[in-house]
Every structure is written in C-alpha cells, then in structure tokens.
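An overview of the molecular structure
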Amino acid sequence: AVPTGDALPMPVTAATDPNDPLVSIIVVSYRTRAMTLECLRSVVRETKRASYELLVVDNASGDGSAEAIAAEFPEARLTALDKNVGFAAGNNIAAKEAKGSYLLLLNPDTIVLDGAIDRLVDFAQRRPQAAIWGGRTLYADRSLNPTSCWQRMTLWNVFCRTSGLAALLPNSPLFNAEAYGGWDRSTVREVDIVTGCFLLIGRALWERLGGFDAKFFMYGEEADLCLRAAALGARPAVTPEAAIVHYGGASEQAETEKTIRLLAAKAELIKRHWPQPARSLGLLLFALWPLTRALAVGAAGVALGAPHRARADTWWHVWRRRGAWRLGYR
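Anyway, here's the lowdown on the structure attached to this text. Given the structure is predicted, the values throughout are model-derived calculations rather than measurements. (Residues numbered from 1 in each chain as written. Predicted model: local features only at pLDDT ≥ 70, side-chain atom pairs only at ≥ 80, totals over all residues. Heavy atoms only, no water.)

What follows is about the overall build of the chain. Helix and strand counts for the chain come out as 12 helices and 12 strands. Its C-alpha radius of gyration of 20 Å places the chain within 12% of the 20 Å reference for a compact globule of 330 residues. Overall, the C-alpha framework of the chain stretches about 60 × 45 × 40 Å when taken along its three principal axes. Going through the 330 residues of the chain one by one, you find that 50% of them count as buried. Long-range contacts, defined as pairs at least 24 residues apart, comprise 78% of the intrachain contacts of the chain with a sequence gap of at least 6. In the structure as shown, the chain presents an accessible area of about 14,700 Å², 56% of it carried by carbon and sulfur atoms. One way to put it: in the chain the 38 positive side-chain charges average out to a point 7 Å from where the 33 negative ones average out. (Helix = DSSP H or I, 4+ residues; strand = E, 2+ residues; numbered from the N terminus. Rg over C-alpha atoms; globule rule 2.2 N^0.38 Å. Buried < 20%, exposed > 50% of the residue type's maximum accessible area, 1.4 Å probe, protein only. Contact = heavy atoms within 4.5 Å. Areas by Shrake-Rupley, 256 points an atom, 1.4 Å probe, with all protein chains shown as cover. Lys, Arg positive; Asp, Glu negative; His and termini not counted. Charge placed at Lys NZ, Arg CZ, Asp CG, Glu CD.)

Set out below in structure tokens:
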C-alpha cells in the first residue's frame, strides 16, 4: 500500500548524537565471499569525507563469508543469519540497527571507485528534493553497465518488450524506454527507479516507507520502494560523479530460477502500481514475453548455434512454468 499523509519532508536531518555516523552502509551477502571482502575493502579505501558505519548481513552463505568478514573487518556490525531470508529482508534487518542520517544500500558484488560514496552524499546534499539518489555503474572492464536506474514499467514499454522492439532497438529512447535507451548515464537525471546495488536514501524516509517489502525476496524491491516514495513526492535522481563497478548476478547462478524470480517481481509491480484496466492488459502482454523470446531466440539459434539454442531452452522452461510468475506473488 502507498503511504498517505503530509507531503514528503525532503531535507535529511542531521543525527542528534554527534557520535552517530552520517551514513550507514548496508551490505547483504550470499555466497560471494571474495567479492564481499573486496567490496568492503573498497569502501574503506575510498570513503574519506563522510563518516560512516558498516552493517553487513550474511544470508547463511555457508562459504566462510561471515567468518572472513568478522576477521578482516572487526569494526563492521555483522549479522550472520542461519537461513537465507532474501535481499529485501536482509536490508530491513540491517536498517533497524542503523544510526546514520542516510542509508546506503550497496551490493556485495560491487567495487567503490574514486570516492563514490563521498560523491553520492555530496550529490544528495545538493539535491535534497530527490530523496533517493544513485550513481553510475560500470562493468569490470569499466565500460558502462546501464542497469543503475530504470523507468517505471508502462503499457507501452511492456508492449515493446513482448513484441521484441526493445531488443531490436536497445538504443532507442522510444522503443527501449524502460532502460532509458540511448542515454549513456553521463549526465545528472531524474529517474523513476534507482537500482538497489547503489542506492542512497534518508533513514527517516526509509522508516516512513517501512523499508523494503520483504515479499520481494530478490528483484523488484527497489522499484516498489522508489514508486512508493514517488507517491509521497520523491524525485529520485542519479549522478555520473559517483561510479562503482557492479559485476551483477554473482549470487544467482541458475538462469531459469533467476528469470522466474525476476518475472514474478515485475508482475507484482504491475499488480501493485498500475490502475485498471491497464493492469489486466499489462499482465496479459507481460505473460507473453517469455513465449516471444523463446520463439525469437530459438529462430536465431538455428543460424547461430548452441549458445542461442541453450538460451531459447531457458525461455521455454520459463514459459512452461508461467503459473509460478505471471500473476506476481500469491
């Protein structure tokens, strides 16, 4: 449900206790031991101006992550869980212990570059009306990873996904609007959704929104959060001045299961944030997306070989299991 009440108070107030940090940096890890350690090292190495605390939640990785984090970063406030509660719930657990005026959600498969956290906090203080802030994400080779932000789903861009127009014309701002096609993220811009891999939010706003909805086990939780914040007046924005490496997908290896989780989250967003009658039509169109992908990639596989045939098989598996995702969460 969208919170109601007074207009969103945009300024982030300073902590009343002078010993409290400005930023609470939250990292939720799951079977990413080496990457998590490198992520935390980059936080310490690159964050010099903003006072911060480190809160780490390990989702029962079973790979020695918790022990390694505790040994190398004794200053971090580590919560080692005995079961995997998911990304959304993991962040909620850490946020309850946070003392900073801001919360920074940071994926464990990221590397902070060139003072990115300091730069993002500076951006937030210059642009308080945004209420949620993000930066620029890069791949390991420092080429652009465009997944730092998204436009909200609309009937038009669901049609473009299902019809294949978005895949055929990825650089088109018209036909790939959901991914802001054609924009290289080199300018400051208001966006609908800041990705949760590098998302800064005032703690007061987070608490007012109730944090993430834990039904979004993985994927979609930041979209739901940003859309609920926008309903209160937030105007999320990203800056190219704060850049990180985001490898992506490090803790989610099974392609079919990953895709089903993603599609279920997207269907749930349509259910929650679209009005009727667009909602019913959107869910119908959206449900056809894996089918059209399976047909298109399968046809390409005839000419291009085994990798495309394997990808088509994944889409066929997803399509056959549409009962698990096409109507969102039950």
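That was the structure; now back to the text.
A separate point is the packing of aromatic side chains. In the structure shown here, the tally under the stated rule is 10 aromatic pairs. Taken together, a centroid distance of 5.9 Å and an interplanar angle of 40 degrees make the contact between tryptophan 156 and phenylalanine 175 tilted. Note that tryptophan 156 is positioned in helix 5 (residues 155-163) and phenylalanine 175 in the loop between helix 6 (165-168) and strand 9 (189-190), a separation of 19 residues in sequence. According to the relative accessible area criterion, phenylalanine 175 is partly exposed, its value standing at 24%. On the numbers, 6.0 Å between centres and 50 degrees between planes, the contact of phenylalanine 286 with tryptophan 289 is tilted. Considered together, phenylalanine 286 and tryptophan 289 belong to a single accessibility category, that of buried residues. Pairwise contacts between aromatic rings join Phe286, Trp289, Trp315 and Trp325 into one cluster. The ring of tryptophan 183 has arginine 189 sitting right over it, with the charged end atom 4.7 Å from the ring centre. In this arrangement the basic side chain of arginine 322 is found over the ring face of tryptophan 319, its NZ or CZ atom lying 4.1 Å from the centre. (Phe/Tyr/Trp six-rings, centres within 6.5 Å; stacked < 30°, edge-to-face > 60°. Lys NZ or Arg CZ within 6 Å of the ring centre and 35° of its normal.)

The tendency in soluble globular proteins is for nonpolar side chains to be buried side by side. Grouped together as the largest cluster of nonpolar side chains are 56 residues, with contacts concentrated most on Ile26, Ile132, Ile201, Leu205, Trp206, Phe286 and Trp325. Here this core gets seven residues from one element, more than from any other, and that element is helix 9 (residues 255-273). In this structure isoleucine 26 touches Leu55, Asn91, Ala94, Ala95, Leu103, Leu104, Leu105 and Leu106, once residues within four positions along its chain are discounted. Grouped together as the second largest cluster of nonpolar side chains are 32 residues, Val27, Tyr102, Trp133 and Ala242 included. (Core = buried A, V, L, I, M, F, W, Y, C linked by side-chain atoms within 4.5 Å.)

With respect to the helices, strands and loops of the structure, aspartate 224 is situated in helix 8 (residues 221-231). On the basis of relative accessibility, which here comes to 2%, the residue aspartate 224 falls in the buried class. Polar side-chain contacts of aspartate 224 include one of 3.0 Å to the side chain of arginine 228. Among all residues touching aspartate 224, those that are not within four sequence positions of it are Asp213, Phe216, Leu269, Arg272 and His273. (Polar contact = N/O pair within 3.5 Å; in protein donor to acceptor, adjacent residues only side chain to side chain.)

Take the pattern of salt bridges next. Enumeration according to the criterion identifies 21 salt bridges in this entry. Glutamate 72 serves as the salt-bridge partner of arginine 41, at 2.7 Å between the closest nitrogen and oxygen. Separated by 31 residues along the polypeptide, arginine 41 in helix 1 (residues 33-46) and glutamate 72 in helix 2 (residues 65-72) bring together distant segments of the chain. The salt bridge partner of glutamate 190 is arginine 127, with a shortest N-O separation of 3.9 Å. One end of the pair, glutamate 190, is in strand 9; the other, arginine 127, is in the loop between helix 4 (116-126) and strand 6 (132-138), with 63 residues separating them in the sequence. Classification of glutamate 190 by relative accessible area gives partly exposed; the value is 35%. (Salt bridge = Lys/Arg side-chain N within 4 Å of Asp/Glu carboxyl O.)

Let us look at the packing of helix 1 against helix 2. The geometry of helix 1 relative to helix 2 is characterised by a closest axis approach of 9 Å and an angle of 25 degrees between their N-to-C directions. If you check the angle between helix 1 and helix 2, you find them roughly parallel. Of the two elements, helix 1 crosses helix 2, and the hand of that crossing is right-handed. Each of Arg33, Thr36, Leu37, Leu40 and Arg41 in helix 1 lies in contact with helix 2, whose residues at this interface are Ser65, Ala68, Ile69 and Glu72. Here the residues of the contact of helix 1 with helix 2 sort into four nonpolar, two polar and three charged. (Axes fitted to C-alpha atoms, helices over the stretch in contact; angles between N-to-C directions. Parallel < 35°, antiparallel > 145°, perpendicular 65-115°, else oblique. Left-handed = near helix turned anticlockwise from the far one by under 90°. Nonpolar A, V, L, I, M, F, W, Y, C, P; charged D, E, K, R; others polar.)

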